[in-house]
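# Chain and residue survey
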Amino acid sequence: MFRSGYGDEVSQTSPEQTGTEQRCVMFVHAHPDDETTKGGGTAAWLAATGVRTVLVVCTDGGAGGVTDHALLGGRSLAEVRSDELAAAAAIMGFDVVHELGYADSGSESEVPQGFASQPIAPMVDQLTDLIEVERPDVVVTYDPEYAANHPDHLRCHEISAAAFAQTTTDAGGPRKLYGSRFFSRRRVQAMHDWTVVHGLESPYERALEKLPDERFTTRIAIGEHAVTARNALREHQTQIAHDHRWFYTIPDADFAHVYPWEEFELLAVAPGFTLPMPADVESDLFTSL
Ligand SMILES: [Zn+2]
């Protein structure tokens with residue numbers, strides 16, 4: 001049992017496993033580092049409970065900013081980010097990482113050869129092949145509304161949704177597609193409240209003005225794995241400096257207790273797979289499977 005900062009007791013159970021077959025979840029992300037901040041605690045928690053976790057990262061992250069050029073050591077940003085990704089994925093316990101290696105489009109699609117500007121059909125085929133090889137029960141990508149914030153995030157959602165639809169009729173094909181987002185409004189509000197209680201200037205106030213109150217179907221109790229994902233984010237040092245106030249104001253000892261959950265939205269299910277009318281928010285990506 002894990003106790004949150006709000007005094008709620010959070011039951012942390014293992015995901016529903018049936019028989020002897022190992023469950024598998026595939027997370028599809030756009031850039032190296034997205035795996036830590038969008039559903040990262042859930043990925044780490046699933047891996048820790050024996051679920052096979054597969055990470056697909058579509059782009060090389062080469063259009064990102066650089067916090068400190070000394071970190072590159074004369075190498076390209078894409079090369080360094082690939083190493084950062086490997087270190088982060090190891091911390092989170094991913095069983096395998098597939099780097100598709102498309103060029104990062106940049107936040108305004110300023111890279112003409114970028115992921116978001118290339119023909120989509122071969123990308124869907126590539127991801128379809130990966131799903132057929134890895135046979136995940138569940139695929140997690142971005143919620144489309146959230147994904148609209150970056151051309152690569154949107155393309156990532158589009159190819160995931162298309163590849164999911166193409167594989168659901170396969171024997172052993174995936175049965176649920178979820179959308180993840182960045183930290184939810186609830187989570188940011190909890191982080192803001194922590195800074196207020198501790199008499200600190202809140203770096204979250206402006207984000208709270210902009211963040212919508214997202215809908216969600218599923219809330220996962222990630223417990224201490226909030227910190228696992230945070231430790232993985234620390235490996236992405238070219239992107240987020242270790243003194244970044246937004247990410248690191250709250251000390252590790254308190255971080256997981258401030259908001260030990262992550263939210264997802266169920267976007268699609270395999271045809272013929274009938275979900276019972278949800279009486280409540282799901283607490284497991286494998287509910288009803
Ligand atoms: Zn991204």
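Summarised in this report is the structure supplied together with it. (Residues numbered from 1 in each chain as written. Predicted model: local features only at pLDDT ≥ 70, side-chain atom pairs only at ≥ 80, totals over all residues.)

Check the secondary structure of the protein chain and you find 11 helices and 9 strands. For the protein chain, whose C-alpha radius of gyration is 18 Å, the value lies close to the compact-globule estimate of 19 Å for 289 residues. Counting over 289 residues, the protein chain shows a buried share of 44%. Restricting to contacts in the protein chain with at least 6 residues of sequence separation, those with at least 24 account for 78%. (Helix = DSSP H or I, 4+ residues; strand = E, 2+ residues; numbered from the N terminus. Rg over C-alpha atoms; globule rule 2.2 N^0.38 Å. Buried ≥ 20, exposed ≤ 12 C-beta atoms within 10 Å, placed from the backbone. Contact = placed C-beta atoms within 7 Å.)

Glancing now at the sheet that holds strand 3 (residues 24-29). Taken in spatial order, the 7 strands make up an open sheet running 5-4-3-6-7-9-8, and their pairing is mixed. Strands at the two margins of the open sheet, each flanked by one partner only, are strand 5 (96-102) and strand 8 (218-221). Strand-to-strand twist in this sheet, taken as the mean axis angle between neighbours without regard to direction, amounts to 25°. Note that strand 3 and strand 6 (residues 138-142) share 3 bridges and pair parallel. Counted as the bridge partner of Met-26 is Val-139 from strand 6. Packing of helix 4 (residues 121-134) onto the sheet brings it into contact with strand 3, strand 4 (52-59), strand 5 and strand 6, and relative to strand 3 it is tilted by some 160°. Along the sheet face, helix 6 (residues 151-167) touches strand 3, strand 4, strand 6, strand 7 (176-180) and strand 9 (261-269) and points at about 155° away from the line of strand 6. (Pairing = 2+ DSSP bridges. Axes fitted to C-alpha atoms, helices over the stretch in contact; angles between N-to-C directions.)

Counting 63 residues, the largest nonpolar core has Val-25, Met-26, Leu-55, Val-56, Met-92, Phe-94 and Val-139 as the members making the most contacts within it. Setting aside chain neighbours within four positions, we find Val-25 in contact with Leu-46, Val-51, Thr-53, Pro-136, Asp-137, Val-138, Val-140 and Leu-285. (Core = buried A, V, L, I, M, F, W, Y, C linked by C-beta atoms within 7 Å.)

Because the α-helix completes a turn every 3.6 residues, residues three or four places apart line up on one side. Taking 1.5 Å of rise per residue, the 16 residues of helix 3 (residues 77-92) would be expected to cover 22 Å, and the 22 Å separating its terminal C-alpha atoms lies within 8% of that figure. Within helix 3 the residues assigned to the buried category are Leu-77, Val-80, Arg-81, Glu-84, Leu-85, Ala-88, Ala-89 and Met-92. Of the surrounding elements, those touching the buried residues of helix 3 are helix 1 (34-37), helix 2 (40-48), strand 4, strand 5 and helix 9 (225-234). (Expected span 1.5 Å × (residues − 1).)

Burial analysis of strand 6 places 5 of its 5 residues in the buried class, the great majority of the element. With 5 bridges joining them, strand 6 and strand 7 adopt parallel strand pairing. Paired with Val-138 across the strands is Lys-176, a residue of strand 7.

This brings us to the packing of helix 2 against helix 9. It is the contact of helix 2 with helix 9, at a shortest axis distance of 8 Å, that shows an interaxial angle of 110°. On the basis of the axis angle, helix 2 is roughly perpendicular to helix 9. As for the relative orientation of helix 2 and helix 9, their crossing is right-handed in sense. Between helix 2 and helix 9, the residues in contact are Gly-40, Gly-41, Ala-44, Trp-45 and Ala-48 and His-225, Ala-226, Thr-228, Ala-229 and Ala-232, respectively. (Parallel < 35°, antiparallel > 145°, perpendicular 65-115°, else oblique. Left-handed = near helix turned anticlockwise from the far one by under 90°.)

Don't take any of this as a statement about function, it's just geometry.
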